[in-house]
Amino acid sequence: MLLENKVAVVTGAGQGIGRACAERLAQEGAKVVVADVNAKSAKEVAALIGKAGGTAIAETCDVAKRDQASAVVAAAVKAFGRLDVLVNNAGVVDDRPFLDLEIEEFDRILGINLRGAFMVAQAAARQMVKQDGKKCASGGAIVNMSSINSWFGLPDHVAYACSKGGIMQLTKSMAVALAAHGIRVNAVGPGTIETPLIKDVVKDQQFRKKVLSRTPLGRFGQPAEIAAVVAWLASAEASYLTGTTIFADGGRMPLNYVVPVPE
């Protein structure tokens, strides 16, 4: 197992990609703190991990609130004695055109997606440094959830795109800052993933055709496929990788045109 005896916190783990990450890390042997703003969802995922033979606890966490961002790290240490892995996944999306986007909504999105990610990561890194310092060659791993939209512009998801661009830069800066402590920091940039958040949208045939026309592999991604990349990045298998973003997008990033889509 890639993460045997490791302790991990996964934020936004109540559904979708976060849930898949929590489940995969548990399968790889990690003890997992399932953190989500929805307490019911967090408890359900933790219970499912337990039934599958893994070890997990649920923690209610709104990453936009500084005390809760720190508390989720404290909960991991209280339950399991240390923290080895953080998956910074919690996030939300806006859907207003640029000219109609209110500043309050812009602030809300960045407060969760970027500021929240920073606060949880800082709390996690401080704990990792405290427990291992410079003496440990593998002080910990942080995986931030970015997006292909950290690179592409979006006219109706402006705040979201800005926040994910910020995540990519936060990942680079953290990686350089924490390298001396043996803490690796990387990110994953998913393409279009078939999660509960877009389950209704993907039923629209025009939307499907548009997305698939820019996806060389010709299909939507699945949460488990992102979780597999996250688990690898969190493990010693990726021990010489830090400060980078892996785009798991079905080939969209290198595409400079559209591909045919079967009717």
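This section reports on the structure supplied with the text. (Residues numbered from 1 in each chain as written. Predicted model: local features only at pLDDT ≥ 70, side-chain atom pairs only at ≥ 80, totals over all residues. Heavy atoms only, no water.)

**Brief notes about the overall build of the protein chain**
Put simply, the test is: Think of it this way: any DSSP run of H or I at least four residues long counts as a helix, any run of E at least two long counts as a strand, and we number them from the N terminus. C-alpha atoms define the radius of gyration in this analysis, and the globule rule sets the expected value at 2.2 Å times the number of residues to the power 0.38. Summary of the burial criterion: residues with accessible area below 20% of their type's maximum are buried, those above 50% are exposed, and those between are partly exposed, where the area comes from a 1.4 Å probe applied to protein chains only. The contact rule is simple, with two residues in contact once any of their heavy atoms fall within 4.5 Å.
Helix and strand counts for the protein chain come out as 7 helices and 7 strands. The helix and strand sequence of the protein chain, counted from the amino end, reads β-α-β-α-β-α-β-α-β-α-β-α-α-β. Relative to the 2.2 N^0.38 estimate, which gives 18 Å for 263 residues, the radius of gyration of the protein chain is 18 Å and therefore close to what a compact globule would have. If one aligns the C-alpha atoms of the protein chain with their principal axes, the spans along those axes are about 55 × 40 × 35 Å. Going through the 263 residues of the protein chain one by one, you find that 48% of them count as buried. Long-range contacts, defined as pairs at least 24 residues apart, comprise 72% of the intrachain contacts of the protein chain with a sequence gap of at least 6.

**Structural notes on the packing of helix α1 (residues 16–27) against helix α2 (residues 39–51)**
Relative orientation and spacing of two packed helices are given, respectively, by the angle between their axes and the distance between those axes. Just so we agree on the cut-off: For every element, the axis is a line fit to its C-alpha atoms; helices are fit only across the contacting stretch, and the angle between N-to-C directions ranges from 0 to 180 degrees. Orientation categories follow fixed angle ranges, with anything under 35 degrees roughly parallel, anything over 145 roughly antiparallel, 65 to 115 roughly perpendicular, and all other angles oblique. Should the near helix be turned anticlockwise from the far one by less than a right angle, the crossing is left-handed, and should it be turned clockwise, the crossing is right-handed. Three classes are used: nonpolar for Ala, Val, Leu, Ile, Met, Phe, Trp, Tyr, Cys and Pro, charged for Asp, Glu, Lys and Arg, and polar for all others, with Gly counted as polar.
At a minimum axis distance of 10 Å, the contact between α1 and α2 shows a crossing angle of 25 degrees. Considering the angle they form, α1 stands roughly parallel to α2. As α1 runs across α2, the sense of the crossing is right-handed. Each of Arg19, Ala22, Glu23 and Ala26 in α1 lies in contact with α2, whose residues at this interface are Val45, Leu48 and Ile49. Class assignment for the residues of the contact of α1 with α2 results in 5 nonpolar, no polar and 2 charged.

**Some remarks on the packing of α1 against helix α7 (residues 223–234)**
Remark: α1 packs on α7, axes separated minimally by 8 Å, with the N-to-C direction vectors making an angle of 50 degrees. The pairing of α1 with α7 is recorded here as oblique in orientation. Read as a crossing pair, α1 and α7 show a hand that is right-handed. Between α1 and α7, the contacting residues are Gly16, Ile17, Ala20, Cys21, Arg24 and Leu25 on the first element and Pro223, Ala224, Ile226, Ala227, Ala228, Val230 and Ala231 on the second. A per-class count over the contact of α1 with α7 returns 11 nonpolar, 1 polar and 1 charged.

**Description of the environment of proline 155**
Residue placement: proline 155 occurs in the loop between β5 (140–145) and α5 (158–178). The class for proline 155 is exposed, based on a relative accessible area of 61%. Taking C-alpha positions, proline 155 is 20 Å from leucine 255, a pair spaced 100 residues apart along the chain. Beyond its immediate stretch of four places on either side in the chain, proline 155 contacts Arg96, Pro97 and Phe98.

**Considerations on the pairing of strand β4 (residues 85–88)**
Applicable threshold: When DSSP finds two or more bridges between two strands, those strands count as paired.
Burial of β4 is two-sided: the residues Val85 and Val87 facing one way and the residues Leu86 and Asn88 facing the other way are all buried. With 4 bridges connecting them, β4 and β5 associate as parallel partners. When the bridges of β5 are listed, leucine 86 appears paired with isoleucine 142.

**Side note on a negative patch on the surface**
To be explicit about the condition: For patch detection, residues must exceed 30% relative accessible area and be free of salt bridges, and they are connected within 9 Å for like charges or within 5 Å for nonpolar side chains (Val, Leu, Ile, Met, Phe, Trp, Tyr). The Shrake-Rupley method, run with a 1.4 Å probe, gives the accessible areas here. Residue values count only the displayed protein chains as cover. Salt bridges are defined as contacts in which a side-chain nitrogen from Lys or Arg sits within 4 Å of a carboxyl oxygen from Asp or Glu. The charged-residue count follows a simple rule in which Lys and Arg add positive charge and Asp and Glu add negative charge, with His and chain termini not counted at all. Charge positions come from single atoms, namely NZ of Lys, CZ of Arg, CG of Asp or CD of Glu.
A cluster of acidic residues, Asp100, Glu102, Glu104 and Asp107, forms a negative patch on the protein surface. Within the secondary structure, glutamate 102 sits in the loop between β4 and α4 (103–132).

**Let's talk about the sheet that holds strand β6 (residues 183–190)**
One open sheet accounts for 7 strands, arranged β3-β2-β1-β4-β5-β6-β7; its pairing is parallel. Each edge of the open sheet is held by one strand with a lone partner, namely β3 (55–60) and β7 (245–248). The mean angle between the axes of side-by-side strands here comes to 20 degrees, regardless of whether they run parallel or antiparallel. Of the pairings in the sheet, the one linking strand β2 (residues 31–36) to β3 comprises 6 bridges and is parallel in character. The residue bridging valine 33 from the neighbouring strand is isoleucine 57, located in β3. Along the sheet, α2 contacts β2 and β3; its crossing angle with β3, the most-contacted strand, is approximately 175 degrees.

**With respect to the side chain of serine 150**
To be explicit about the condition: Polar contact is defined as a pair of N or O atoms within 3.5 Å, subject to the rule that within protein one atom must be able to donate a hydrogen and the other to accept it, and that residues adjacent in sequence are counted only when both atoms are side-chain atoms.
By the secondary structure assignment, serine 150 is in the loop between β5 and α5. In this structure the side chain of serine 150 is engaged in a polar contact, spanning 2.7 Å, whose partner is the backbone oxygen of serine 147. The contact partners of serine 150, leaving out residues within four places of it in the chain, are Ala161, Lys164, Gly165, Met168 and Phe247.

**Looking at the environment of phenylalanine 207**
Positionally, phenylalanine 207 belongs in helix α6 (residues 205–213). In this structure phenylalanine 207 comes out as partly exposed when scored by relative accessible area, which is 22%. Here the alpha-carbon distance between phenylalanine 207 and glutamate 105, two residues 102 residues apart in the chain, equals 25 Å.

**Some remarks on unusual backbone geometry**
At asparagine 5, a residue that is not glycine, the phi angle is positive and equals roughly 70 degrees. With respect to the helices, strands and loops of the structure, asparagine 5 is situated in the segment before β1 (7–11).

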